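Chain residues, written in single-letter form:
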Amino acid sequence: MATYLVHPPDPSIRMAFMDAVQNAGIYIDRTPEGFEITTKDSQEETWSRIKEQFDLNVGRDEPPIMII
């Protein structure tokens, strides 16, 4: 399992991003810092496609938290 902290995307695509994550069965929770995403090992490939689709940049802070 991995946990990512995602800064909210632009409001024009935010709902589509949240829908894509939820439709993939990936856990998403809104926090004051942004969105906390938790993936199972089997969801990493799907999560990679979502990050690419929404052109999100990933920076590693302290594992298992990643800042996007």
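The rules behind the values
Residues numbered from 1 in each chain as written. Predicted model: local features only at pLDDT ≥ 70, side-chain atom pairs only at ≥ 80, totals over all residues. Heavy atoms only, no water. Helix = DSSP H or I, 4+ residues; strand = E, 2+ residues; numbered from the N terminus. Buried < 20%, exposed > 50% of the residue type's maximum accessible area, 1.4 Å probe, protein only. Contact = heavy atoms within 4.5 Å. Core = buried A, V, L, I, M, F, W, Y, C linked by side-chain atoms within 4.5 Å. Pairing = 2+ DSSP bridges.

Participant: How would you explain the side chain of threonine 38 if you had to name every residue and give the values?
Facilitator: As for its position among the elements, threonine 38 is in strand β3 (residues 34–39). Looking at threonine 38, the relative accessible area reads 15%, which means it is buried. Not counting residues within four places of it along the chain, the set of residues in contact with threonine 38 comprises Met1, Ala2, Thr3, Ile26, Tyr27 and Gln43.

Participant: Go over the nonpolar core, please, and point to the residues and values.
Facilitator: Counting residues in hydrophobic clusters, the biggest one holds 15 residues, and the most contacted among them are Val6, Phe17, Val21, Ile37, Trp47 and Ile50. Those elements that provide at least two residues to this core are β1 (2–6), α1 (11–23), β3 and α2 (44–53). A per-element tally of this core places α1 first, with four residues. Here valine 21 is in contact with Ile26, Ile28, Ile37, Trp47 and Ile50, once residues within four sequence places are set aside.

Participant: So what about the pairing of β3? Which residues, and what values?
Facilitator: Judged by how many residues are buried, β3 sits mostly within the fold: five of six residues are covered. Relative to β3, β1 is paired through five bridges, and the arrangement is antiparallel. Pairing of threonine 3 across the sheet is with threonine 38, part of β3. Pairing geometry for strand β2 (residues 27–31) and β3, over five bridges, is antiparallel. Within the sheet, the bridge partner assigned to aspartate 29 lies in β3 and is glutamate 36. Adjacent in sequence and paired antiparallel, β2 and β3 are bridged by two residues.

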